[in-house]
Amino acid sequence: MCGIFGYIGTKDSLQVCLNGLQLLEYRGYDSTGIAGVENGQIAYCKEAGKLHVLQQKLPFQKLDVAIGHTRWATHGKVSSNNAHPHLDEKCDIALVHNGIIENYDVLRSDLQMHGVRFVSETDSEVIVQLIAHHYKGELVEAVQKVLPLLKGHFAIAVIHKDFPDRIVAAARECPLAIGYDDAGTEAVISSDPNAFLSSTPNVLFLRKDEVALIQKGKISLFNSQNLPLCKQPERLEGHHTPPSKGGFAHYMLKEIFEQSATVQKAIFGRMDEKEVLFEALPETFRNAKRVWFIGCGTSAHAGMIGSLFLEDIAQIPSHTEIASEARFRIVPEETLVIAISQSGETADTIAAVREFKSRGLKVLGICNVKNSTLTRETDGCIFLKAGPEMSVCSTKAFTSQIAVLYLLAKFFARQSAEEIKTIPAQIQEVLKLAPLIQQIAKKYSHFRNFFFMGRHYMYPTCLEAALKLKEISYVNANGYPAGELKHGPIALIDTHFPVVAFCANKQTEEKILSNLQEVKARGAPIIALAPKELSAVSAVADDVIWLPSTSDKLAPFTSTVAGQLLAYYIALSLGCDIDQPRNLAKSVTVE
Ligand code: M6R
């Protein structure tokens, strides 16, 4: 799982490639590397760590053609040896790879029997060694011979020392976009077209074993039978504004504080006083007999809340499935599948979309990133309009997702959604609690284990809050339906095991108060997130974050923002790398 980028053209190839890698760091930041041709030789540099580490070590200032890579480790530890680009034994060919080669072990043993020596632990190195093995003076031909030998999925970019004027690229299931300008002076390849759109708006996407020979001003394409292919480029709009923390210490904090505005953007122009109106949503979707949400991580939690909205508001039976598990399930006909993904690039979600489409189901996407894979592969897409989310830890995308899902349920029910307009102001009120939440966070930051619990709407809300905490602070935080603790997990409770209780679901108020008594009786320190009117909670909780009063359906917004702040300030007290936590990537592009 990784980002790949390449450039050939009249600009400084090295610099363009480094800029591209910066924009692809969301796909992984375990290591980075770059290769090009310099004086008829392959020149390369690769380092464990983020891009700035590579930039400090670069031994060259100019390359004729450049390919680059930013890695999230799958096969082989994080090290400069396992970083891309990988080279063949003679150092004639360099390759960058995104994806996984499932049969790399067998291929590697075969090559070793032919005397090839491997220097990394990766699956990727086998591709470049195979290309070298089949190379007879034509790089495209060698790549074409290798693709049928590979099992798995990939996007690759390859250069050869004898051809400083070309990059060969190929893809199977992993995204790979080729961009070129109108004047034909430059061409770019990237895992994500958003990394190059402003200067090269003509875009071709490689699919199913297609191979491209990329030269300045000329792109030649071949299909999986190695026949020349003619494809019309898509004209994509977009430009990149350099990310900024806007005076905040971290992107995460900035994005938490943006939520009043981003929820406003998610709902703006999508309703009048009578009903909800979605742009580009086929009317036939309203005939769905049931809805299945799929997504991963935070997006799956949004789906769980969406399921409750659909059942409570529109009486449409609904289910949420973690995307990587969805393929094992029977989904009845006339089900509308809704795939939720901030990035639109999550491999598990994309794989599930492809699976359900192949079964003849209609799929709607809910996505934040324009031009992403999800937006191209679904039958319709609703955008979050939240703006770029830079922190790996998803915050503003989640509240925009549930805002859109609330509207969607109202759309199905043909009802107005006026009440959601109160949410931006309520989020502002919660944001004012940041100093208090920071104090509470400091008090609890030495604990290594937490239970998060909630009922009904507060159950997925507490799962999301627990995910925030574990992801950025490396503290063990487990979310549970509050009624479930007594069925086993409560055995873990003692004075060293705090409970964070999400109490903002009026329908289940009495029950959660009883559950709080149960954990209190066993010595658990308790932090409660409760609406102002639930005064009874102060008798049992050690600390209370008082939230604005709202309906059960809208309570996930305010409780989520408080949970995000709690996680943020605990991670801050612990001195963690909040925006780029260890072992993670913003967009998880392998299954
Ligand atoms: O881009 P996506 O919404 O598809 O990403 C799904 C998850 O990888 C993502 O939400 C992840 O769980 C976040 N890092 C959580 O903060």
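Draft legend 1. Just the overall build of the protein chain, in detail. Check the secondary structure of the protein chain and you find 17 helices and 25 strands. Relative to the globule expectation of 25 Å for 591 residues, the C-alpha radius of gyration of the protein chain, 25 Å, shows essentially globular dimensions. Referenced to the eigenvectors of the C-alpha coordinate spread, the extents of the protein chain come out at roughly 80 × 50 × 45 Å. Considering only intrachain contacts with a sequence separation of at least 6, the fraction spanning at least 24 residues in the protein chain is 71%. Taken as a whole, the protein chain presents about 22,600 Å² of accessible surface, with 51% of it coming from carbon and sulfur. One finds the centroid of the 60 positive side-chain charges in the protein chain at a distance of 1 Å from the centroid of its 64 negative side-chain charges.

Draft legend 2. A look at the domain arrangement of the protein chain. We note that the domain assignment places domain 1 (3-230), domain 2 (247-421) and domain 3 (433-581) within the protein chain. The interface of domain 2 with domain 3 comprises 30 residues on the first partner and 27 residues on the second. Taken together, the two surfaces of domain 2 and domain 3 that pack against each other cover about 2,400 Å², and 73% of this comes from carbon and sulfur. Its largest share of buried area at the contact with domain 3, domain 2 owes to His250, Met252 and His301, together 21% of the area lost on that side. Counting the contacts that link domain 2 with domain 3 gives zero salt bridges. For the side of domain 2 that touches domain 3, the elements supplying multiple residues, two or more each, are α6 (251-257), α7 (259-267), α8 (297-314) and α12 (396-413). Examining the composition of the side of domain 2 that touches domain 3, we find that nine residues originate from one element, α8, more than from any other. Among the residues forming the side of domain 2 that touches domain 3, the class breakdown is 19 nonpolar, nine polar and two charged.

Draft legend 3. Quick peek at the pattern of salt bridges. Enumeration according to the criterion identifies 31 salt bridges in this entry. Here Arg354 makes a salt bridge to Glu377, at a shortest N to O gap of 2.8 Å. Remark: Glu377 occurs in helix α11 (residues 373-377) and Arg354 occurs in helix α10 (residues 347-358); sequence separation between them is 23 residues. A relative accessible area of 18% places Glu377 in the buried class.

Draft legend 4. Layout of α7. Those residues of α7 that sit buried are Gln259, Ser260, Thr262, Val263, Ala266 and Ile267. Structurally, α7 contributes buried residues whose contacts are with α6, α12, α13 (423-431) and α17 (555-574).

Draft legend 5. Seen up close, the sheet that holds strand β6 (residues 93-101). With respect to topology, seven strands assemble into an open sheet ordered β5-β6-β7-β8-β12-β13-β14, the strand pairing being antiparallel. The open sheet has two free edges, formed respectively by β5 (86-87) and β14 (228-229), since each of these has just one partner strand. Where strand β7 (residues 152-160) and strand β8 (residues 167-172) come together, four bridges link them in antiparallel fashion. What sits directly across from Ile156, in β8, is Ala170. Set on the sheet, helix α5 (residues 139-146) makes contact with β7, β8, β12 (210-215) and β13 (218-222); between it and β7 the angle comes to about 160°.

Draft legend 6. Structural detail: the pairing of strand β23 (residues 499-502). What you see with β23 is no split at all: Val499 and Ala501 on one side and Val500 and Phe502 on the other are buried throughout. In this structure, strand β21 (residues 449-454) lies alongside β23, joined through four bridges in parallel fashion. In the sheet register, Gly454 faces β23, and the bridge partner there is Phe502. As judged from the four bridges shared by β23 and strand β24 (residues 526-531), these two strands associate in the parallel manner. Bridging from a neighbouring strand, Val500 pairs with Ile527 of β24. Of the crossover connections in this fold, the one passing from β23 over helix α16 (residues 509-521) to the parallel β24 is right-handed.

Draft legend 7. Layout of the pairing of β12. Among the six residues of β12, six are classified as buried, and the element is accordingly described as predominantly covered. Burial of β12 is two-sided: the residues Glu210, Ala212 and Ile214 facing one way and the residues Val211, Leu213 and Gln215 facing the other way are all buried. Pairing of β8 with β12 involves five bridges; the strand directions are antiparallel. Paired with Ile167 across the bridge in β12 is Ile214. Two successive antiparallel strands, β12 and β13, enclose a turn made up of two residues, where Gly217 displays a positive phi of approximately 75°.

Draft legend 8. Just unusual backbone geometry, in detail. Backbone torsion omega between His84 and Pro85 reads 0°, so that peptide bond is classified as cis. Structurally, Pro85 can be placed in the loop between β4 (66-71) and β5. The phi angle at Asn226 is positive, at roughly 70°, despite the residue not being glycine. Checked against the element boundaries, Asn226 lands in the loop between β13 and β14. Relative accessible area serves as the criterion here: at 37%, Asn226 is assigned to the partly exposed category.

Draft legend 9. Examining the side chain of Glu25 more closely. Checked against the element boundaries, Glu25 lands in the loop between α1 (13-24) and β2 (31-38). Of the side chains with opposite charge, Lys50 comes closest to the buried, unpaired Glu25, at an N-O distance of 6.8 Å. Here the side chain of Glu25 touches Leu51 through a polar contact of 2.9 Å, landing on its backbone nitrogen. Glu25 has contacts with Lys50, Leu51, Thr70 and Gln580, leaving out every residue within four places of it along the chain.

Draft legend 10. Focus on the environment of Val353. With respect to the element layout, Val353 can be found in helix α10. The buried category is assigned to Val353, whose relative accessible area is 1%. Along the chain, Val353 and Leu364 lie eleven residues apart, while their C-alpha atoms are 9.2 Å from each other. Not counting residues up to four positions away in its chain, the partners in contact with Val353 are Ile294, Ala339, Val363, Leu374, Glu377 and Thr378.

Thresholds applied
Residues numbered from 1 in each chain as written. Predicted model: local features only at pLDDT ≥ 70, side-chain atom pairs only at ≥ 80, totals over all residues. Heavy atoms only, no water. Helix = DSSP H or I, 4+ residues; strand = E, 2+ residues; numbered from the N terminus. Rg over C-alpha atoms; globule rule 2.2 N^0.38 Å. Contact = heavy atoms within 4.5 Å. Areas by Shrake-Rupley, 256 points an atom, 1.4 Å probe, with all protein chains shown as cover. Lys, Arg positive; Asp, Glu negative; His and termini not counted. Charge placed at Lys NZ, Arg CZ, Asp CG, Glu CD. Domains from an automatic or database assignment. Buried area = accessible area lost by both parts, 1.4 Å probe. Salt bridge = Lys/Arg side-chain N within 4 Å of Asp/Glu carboxyl O. Nonpolar A, V, L, I, M, F, W, Y, C, P; charged D, E, K, R; others polar. Buried < 20%, exposed > 50% of the residue type's maximum accessible area, 1.4 Å probe, protein only. Pairing = 2+ DSSP bridges. Axes fitted to C-alpha atoms, helices over the stretch in contact; angles between N-to-C directions. Right-handed = clockwise from strand over helix to strand, strands pointing away. Polar contact = N/O pair within 3.5 Å; in protein donor to acceptor, adjacent residues only side chain to side chain.

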